Structures are given as structure tokens and as C-alpha cells.
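The residues making up each chain are set out below.
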Amino acid sequence: MTLEGRRLVCRYGPTRALDGVDVVAGGGEILAVVGPNGAGKTTLLRTLSGEKRPDRGEVLLDGSPVSGADPRWRGRVGLVSHRPGLYRKLSVAENLTFFASLHAVPSARDAVGRALEAVGAATLAGTRAEALSRGQSQRVALARSLLHDPDILFLDEPFTGLDPAGAAALETTLRARRTGGGVIVLVTHDLRRCLGLANRVAVLRGGRKVHDGGTGAADAADLLGFFTAGGRDASTTPSAGHRS
Amino acid sequence: MNDLRRALLIAAKDLRLEFRTGGRLPSMTAFVVLAGFLFGFALDRGLVPGRDVAAALIWLTILFAATAGAGRIFDAEEEEGAFRHLLLTPVSRPAVFLGKTLANLAVIWLVSALSFVSLTAFLGVRDPGSLAAHTAILLPGTVGLAATGTFFGRMSRHSTLGDTLLPVLTFPLLVPVIFFGATATARVFLERPWTEISGSVRLLWAFALGAVVAGGALFRHLTDE
């Protein structure tokens, strides 16, 4: 399974949030997307997930175009965003059962229990979302994204607000899904964590991809250079391109 | 799972939130009771019998209450960004619209019933006529109000004018609902035969179905980027 964004262009008014970005994420791979604020990371994630239609370019799964307008595509996608996206006056179990039912997950209540167990939040089932801490909300949001066992998981700053135990649980979950062959696209500011977790890192700056490489020792040094030295354009970088 | 079941899930969730938060209902309820109370005082029943004006005042009260509530239909969805996640499920956009409209309709129904009771009481209408006939008129009228309110309630979210835009957009569109609704209701109060009323009811249904179909078909333009 390969998810590909090809020559993606997204505009907000006169601003080009994405300016001809190419990215590829394979099955069993975690692609981290990093970059400074306003680099286009979240827009890239929203475009790949089908939430936002690109002004130009296309998103492909195994070579076939996919679109957020297609319910079958949405059924294969899971999302953890920087906002938890829970209904505050519903309990955790009610929130998750609602989303599981919309995904037509068989035995929704059992699936909710399993998902909460997987993220270490089983004790929160009866708690209203408004009473959750930021870290707890983030765990529940992760549980929701896993309810329908998606092939492709998108995460936007998922470590924000998580305590060390929560972050470790999330890392374990992501590694398990990577081993299971899923595609994971992770947007983060946390370079250290993404070097330890991802197989590949794409660096965005000003809506353009300025680096795309592995997370081995040499690549990590290269990557740090992009953060400290201002970076080069991916198209002119000898080390640029898809490396596993 | 079909879209109708998903729409019902969304409606059930909205109603659960509505009753749990006491969202729009208390303010809408207070409005219709106060409106009845004030109209009761403002009207000199020695000159104008309450029965002659009750229909128009009932429909105007329902319209104002429904419009005031429409701006808050999407509050719970936007509060923590839940709507984004709802839209990423396989539910179709018409089903989302239908679910939100059904929940809105249930709230408007409660408010309409209260408005009817409140105004007939405060205006001193002793014999309001056939309740079945009133129900047959209110049903299509409120379906039209609910669908229009849901659609424009979403649209106003995208506007810098916010809720201020709602009455500007909806009131002109809802003239047929008010006109045919008030006309038919007045005739029931005057105990006119159903043959004099059924034409207005058919037009109310035509508006209601048009609003539901058009809203469902166009809703994705208000949700998808």
C-alpha cells in the first residue's frame, strides 16, 4: 500500500500553503512531516486525508486517485488532530460509540472497549469529555481514530499535552500499527521524537518540500542542518527523494 | 449501514446534547412564553378578538424562535472541532444535513406546541378548532423552518456577520411558510372546512420537501473544502 501526494498545490487566498509538494508514504512506514510554523504541514495532512481538495495535484493510493468526497476513502482513514474533537457533554464511551456507529463498526461497544484499552484509557469510559485533561482527551482521540481499524492514520501534533506515559503509549501504538503494515503520516514540531519514531522525514518550509529522507545517523545530521542552516530546496538537494 | 440510520444517529446525538446542555430550548421556551404574555397585554381584545390575530402571532413567534435557535445548531460541533471528525466518517453530506434537520425539527416542534398553547391562552382563544388540523398545518411548516434554519445556520458560520446574517437570509425565503401557515391556521380557528385549508397545506409540504431536498443536495458546499 502506497499513499502519494503528487504536485500538491493549496492556496488560501493569495497565499500558497502548499506549492507543488510531492510526498510518498508506504505501508509499514511512518512518514514524519516537520517544519516551522506556517510551513504547510497541517495543510498537507488535510490534503492527504481528503479533508481539503488541492487546487492542483492529486492524492493517490496505490496509483489510483482518491478523494475525500468518497465515503469508502473516508472509511479507511483515521485522524488525530491537535484538537480532540469530542462532544464535551457526552461521556467518552458515548463519544466513541457514536463515531464507531457512523463507521458501521460491528459490535460498536466492544470495539470502544478495545480501543480504550489499547490507549490505556479504559477507566475513562464513563467520564464526560469536558472533565478530561488535555492528555486524557488526546488518548481518547487516538482511541477514536483506531476504532474502525483504518489503513491510513494521520496525526497532527499528537504528542501535545501527553504526559511521558501517554507519549510512550502512543509511540507503542504507532509502532504496532507500522508493524501491521499501515501507513502513518505524522505532523510534528518534535524533531527528536520523530527521529526516534519515523522511517522517513519530509521537511516543509514556506509550502515547499526542502528535504525528504530517512532517519539514519547521516540523514539525521542532514535534517538538523535543515533546521539550523535554513535548508535547501528538495529539487536541488542531492540527498532529496524517497529513501527507505 | 445506510445513510438514513446514520442520520438518525446524528439526530439522536444532537438531541441528547440538547437536553443535557439545556442548549437552545430554555431560551426559545422563555421567548415564546414571554411573547404570548406580551401579545396578550398589547392586544385590546375589546376591539380585536384574539382568535382573529392568533394565527399570525403564533407563526411569527415560531419563526423568530426557530431563527434565533438556528444560529446555535452547530455550536456543539464546533466547540472542540468534533464536526471535522464527523465529516471524516463515511456518512454522506445529505445524511448529515438530514440528521441535523431532524434534531432541529424536534426542538422546533416542542417550541411550536408551547407557542400554540401560550398564545391561545394569553389571547383568550377559548375554542381553537381541530387540533388534528393544526398539527397537519404545523408539521410541514416546521419541517420547512427546520431545513431552512439548518442550512443557513451552517452558512452563517462561514460569514463574518455570523448570526446577524441569519434573519436577513431566511426571512425573505420563509415568506411562503408564514403566509400559507398563518392563512391555514387562521381558517382552522374560524372553523372553516378542510377543503379551504388543504391547498395551503399542500403548498407548505411542497416548500418543506423542496427545502429538505435542496438543503441536502447543497450541504456539501457548506462543509467540504
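Residues numbered from 1 in each chain as written. Chains lettered and ligands numbered in written order. Predicted model: local features only at pLDDT ≥ 70, side-chain atom pairs only at ≥ 80, totals over all residues. Heavy atoms only, no water.

**Points about the overall build of chain B**
Then, in step 1: Along chain B, the regular secondary structure elements total eleven helices and zero strands.
Then, in step 2: Sequence-ordered secondary structure for chain B, helices as α and strands as β, is α-α-α-α-α-α-α-α-α-α-α.
Then, in step 3: The C-alpha atoms of chain B give 18 Å as radius of gyration, which agrees with the globular expectation for 225 residues (17 Å, within 12%).
Then, in step 4: Expressed as lengths along the three principal axes of its C-alpha atoms, the size of chain B is roughly 60 × 35 × 30 Å.
Then, in step 5: Per-residue burial for chain B yields a buried fraction of 51% across its 225 residues.
Then, in step 6: Here the analysis covers contacts within chain B between residues at least 6 apart in sequence; of these, 85% occur between residues at least 24 apart.
Then, in step 7: Of the side-chain charges in chain B, 19 are positive and 16 negative, and the distance between the mean point of each set is 4 Å. (Helix = DSSP H or I, 4+ residues; strand = E, 2+ residues; numbered from the N terminus. Rg over C-alpha atoms; globule rule 2.2 N^0.38 Å. Buried < 20%, exposed > 50% of the residue type's maximum accessible area, 1.4 Å probe, protein only. Contact = heavy atoms within 4.5 Å. Lys, Arg positive; Asp, Glu negative; His and termini not counted. Charge placed at Lys NZ, Arg CZ, Asp CG, Glu CD.)

**Focus on the pattern of salt bridges**
Then, in step 1: Overall, the coordinates contain 29 salt bridges over all chains when judged by the stated rule.
Then, in step 2: Between arginine 6 of chain A and glutamate 58 of chain A there is a salt bridge, with its nearest N and O atoms 3.9 Å apart. Within this pair, whereas arginine 6 of chain A is found in strand β1 (residues 2-12), its partner glutamate 58 of chain A is found in strand β4 (residues 56-61), the two being separated by 52 residues in sequence.
Then, in step 3: We classify arginine 6 of chain A as partly exposed; its relative accessible area is 37%.
Then, in step 4: Put simply, lysine 13 of chain B and aspartate 14 of chain B hold a salt bridge, and the shortest N to O gap is 2.7 Å.
Then, in step 5: By relative accessible area, lysine 13 of chain B is classed as buried at 6%.
Then, in step 6: Residue aspartate 14 of chain B is classed as buried on the basis of its relative accessible area, which comes to 12%.
Then, in step 7: Connected via shared salt-bridge partners are Glu29, Arg200, Lys209 and Asp212 of chain A. (Salt bridge = Lys/Arg side-chain N within 4 Å of Asp/Glu carboxyl O.)

**Here we look at empty space enclosed by the protein**
Then, in step 1: Taken as a whole and judged by the stated rule, the model has three cavities of 30 Å³ or more.
Then, in step 2: The computed volume of the largest cavity comes to approximately 100 Å³.
Then, in step 3: The wall of the largest cavity is formed by Val77, Gly78, Leu79, Phe99, His103, Arg144, Ser145 and His148 of chain A together with His85, Leu88 and Thr89 of chain B.
Then, in step 4: Listing elements by their share of the lining of the largest cavity, those giving two or more residues are β6 (77-80) and α5 (134-146) of chain A.
Then, in step 5: Sort the elements by how many residues they give to the lining of the largest cavity and β6 of chain A lands first, with three residues.
Then, in step 6: Its residues assigned to classes, the lining of the largest cavity shows four nonpolar, six polar and one charged.
Then, in step 7: Roughly 50 Å³ of internal volume is contained in the second largest cavity.
Then, in step 8: Lining the second largest cavity, in full, are Val119, Gln138, Arg139, Leu142, Leu162, Gly166, Ala169, Leu170 and Thr173 of chain A. (1 Å grid on protein atoms, 1.4 Å probe; cavity = no way out; pocket = protein on both sides within 12 Å on 5 of 7 lines; lining within 4 Å. Points joined across faces, edges and corners; volume = space filled by probe spheres on them. Nonpolar A, V, L, I, M, F, W, Y, C, P; charged D, E, K, R; others polar.)

**Quick look at the packing of aromatic side chains**
Then, in step 1: Here the structure, examined in full by the defined rule, presents twelve aromatic pairs over all chains.
Then, in step 2: Summarising the aromatic geometry, the rings of tyrosine 87 of chain A and phenylalanine 99 of chain A are spaced 6.2 Å apart at their centres and angled 15 degrees between planes, so their arrangement reads as stacked. With tyrosine 87 of chain A in the loop between β6 and α3 (92-102) and phenylalanine 99 of chain A in helix α3, this residue pair connects regions lying twelve residues apart in the sequence. Of the two residues, tyrosine 87 of chain A and phenylalanine 99 of chain A, neither departs from the other in class, the shared state being buried.
Then, in step 3: Three or more aromatic residues joined by ring pairs form one cluster here, namely Phe74, Phe83, Phe97 and Phe219 of chain B.
Then, in step 4: Across from the ring centre of phenylalanine 74 of chain B, 5.3 Å away, lies the NZ or CZ of arginine 154 of chain B, which sits over that ring. (Phe/Tyr/Trp six-rings, centres within 6.5 Å; stacked < 30°, edge-to-face > 60°. Lys NZ or Arg CZ within 6 Å of the ring centre and 35° of its normal.)

**A few points about the pairing of strand β3 (residues 29-34) of chain A**
Two faces belong to every sheet, and in a regular strand the side chains alternate between them.
Then, in step 1: The buried fraction of β3 of chain A amounts to six of the six residues, a majority that puts the element mostly inside the structure.
Then, in step 2: Taking every second residue as pointing to the same face, both faces of β3 of chain A are buried, with Glu29, Leu31 and Val33 of chain A on one and Ile30, Ala32 and Val34 of chain A on the other.

**Remarks on the confidence of the model for chain B**
Then, in step 1: Considering every residue of chain B, the mean pLDDT works out to 90; 100% of them sit at 70 or more.
Then, in step 2: Across the assembled chains, the prediction reports ipTM 0.88 with pTM 0.88. (pLDDT = per-residue confidence, 0-100.)

**Points about the sheet that holds strand β2 (residues 15-26) of chain A**
Residues and elements named next belong to chain A.
Then, in step 1: Across the sheet, which stays open at both edges, the four strands sit in the order β2-β1-β4-β5 with antiparallel pairing between neighbours. Bordering the open sheet on either side are β2 and β5 (64-65), each of which pairs with just one other strand.
Then, in step 2: Looking at chain direction, β1 and β2 are connected through nine bridges and run antiparallel. The residue bridging valine 9 from the neighbouring strand is aspartate 19, located in β2.
Then, in step 3: Across the face of the sheet, helix α1 (residues 41-49) comes into contact with β1, β2 and β4 while running at roughly 120 degrees to β1. (Pairing = 2+ DSSP bridges. Axes fitted to C-alpha atoms, helices over the stretch in contact; angles between N-to-C directions.)

**A closer look at the nonpolar core**
Then, in step 1: In this structure, Leu155 of chain A together with Leu86 of chain B are the most contacted members of the largest nonpolar core, which totals 102 residues.
Then, in step 2: The contacts of leucine 86 of chain B, once residues within four sequence positions are left out, are Tyr87, Phe98, Phe99 and Leu102 of chain A together with Ile10, Lys13, Glu77, Val91 and Val96 of chain B. (Core = buried A, V, L, I, M, F, W, Y, C linked by side-chain atoms within 4.5 Å.)

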